[in-house]
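# Structural overview for review
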Amino acid sequence: MSIRLGDEAPDFTIDTTDGEISFHDWKGSSWAVLFSHPKDYTPVCTTELGTVAKLKPEWDKRDVKVIGLSVDGLADHAGWNKDIEETQGQGLNFPLIADPDHKVSDLYDMIHPNANDTLTVRSVFIIGPDNKVKLILTYPASTGRNFDEILRVIDSLQLTANHKVATPANWKDGEDVIIAPAISDDEAKEIYPAGFRTLKPYLRYVAQPG
Ligand code: BEZ
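This one's a predicted model, so the numbers in the text were calculated from it and none came from an experiment. (Residues numbered from 1 in each chain as written. Predicted model: local features only at pLDDT ≥ 70, side-chain atom pairs only at ≥ 80, totals over all residues. Heavy atoms only, no water.)

### Structural notes on the domain arrangement of the protein
Under the domain assignment, the protein is made up of domain 1 (13-145) and domain 2 (163-206). Here the C-alpha centroids of domain 1 and domain 2 sit 35 Å apart. (Domains from an automatic or database assignment.)

This is the structure:
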């Protein structure tokens, strides 16, 4: 069964490079990014894992726990991690799931048989403190992900969870945001006494709150 936005992220218990993890217990009330890789000892994945590890201060700042997945076993993960450290200047500092039996890959529908019937595609699930799925991305094996974009989305998700706003195209943290259409002008005047800009009745910008 496929997972959709707003669904509860399925729980699982599995071996990882940081020992056995029960996903919901490990995640607690933090945000989480669960992302899959096609296979160990592959070039694009090597760069992705080094990149995610180097972004640790950014994940920590946002209270995000990251967890990767590859369909190989722990012995391969350990050997590959040495290569990641050597070539990327940073080894794993987050758990990498060993999923040779496709337990989590199947649960999260990470194998797309028309792309490849045994390897996982590059899936990304962003999961909120309430364990609900907030974002799903699917990339082909040949395209490495942009983790700055994933951080940008998390900034938007965290902002819009706390304020009645939406973020426009290419928005970055600190830029003006859009007042949610459900908020009337009268309500908006109360919430934003410093004012807001109305380009159309449905398109109103305000400085980023909070
Ligand atoms: C890679 O991670 O480099 C990769 C994996 C599977 C197919 C193509 C590229």
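### So, the packing of aromatic side chains
On inspection of all chains with the given rule, the structure shows seven aromatic pairs. Geometrically, the ring pair formed by Phe-23 and Trp-26 is stacked, given 6.1 Å between the ring centres and 25° between the ring planes. With Phe-23 and Trp-26 both in helix α1 (residues 23-27) and three residues apart, this pair spans about one turn of that helix. On the basis of relative accessibility, which here comes to 0%, the residue Phe-23 falls in the buried class. Aromatic side chains Tyr-108 and Phe-125 sit 5.0 Å apart centroid to centroid with 75° between the ring planes, which places their arrangement in the edge-to-face category. (Phe/Tyr/Trp six-rings, centres within 6.5 Å; stacked < 30°, edge-to-face > 60°. Helix = DSSP H or I, 4+ residues; strand = E, 2+ residues; numbered from the N terminus. Buried < 20%, exposed > 50% of the residue type's maximum accessible area, 1.4 Å probe, protein only.)

### Let's talk about the nonpolar core
In this structure, Val-33, Phe-35, Trp-59 and Ile-126 are the most contacted members of the largest nonpolar core, which totals 25 residues. Element by element, the count of residues in this core is highest for helix α6 (residues 147-162), at six residues. Among residues more than four places away in sequence, those in contact with Trp-59 are Val-33, Val-52, Val-64, Val-66, Phe-147, Ile-150, Leu-151 and Ile-154. Core analysis: the second largest hydrophobic core is formed by 18 residues, Ile-14, Trp-26, Val-104 and Met-110 among them. (Core = buried A, V, L, I, M, F, W, Y, C linked by side-chain atoms within 4.5 Å. Contact = heavy atoms within 4.5 Å.)

### Remarks on the packing of helix α2 (residues 43-54) against helix α4 (residues 74-88)
Where α2 meets α4, the closest approach of the two axes is 9 Å, and the angle between their N-to-C directions is 70°. Between α2 and α4, the angle is such that the two are roughly perpendicular. Where α2 approaches α4, its residues Cys-45, Thr-46, Thr-47, Leu-49, Gly-50 and Lys-54 are matched on the opposing element by Trp-80, Ile-84, Thr-87 and Gln-88. In terms of residue class, the contact of α2 with α4 is built from four nonpolar, five polar and one charged. (Axes fitted to C-alpha atoms, helices over the stretch in contact; angles between N-to-C directions. Parallel < 35°, antiparallel > 145°, perpendicular 65-115°, else oblique. Nonpolar A, V, L, I, M, F, W, Y, C, P; charged D, E, K, R; others polar.)

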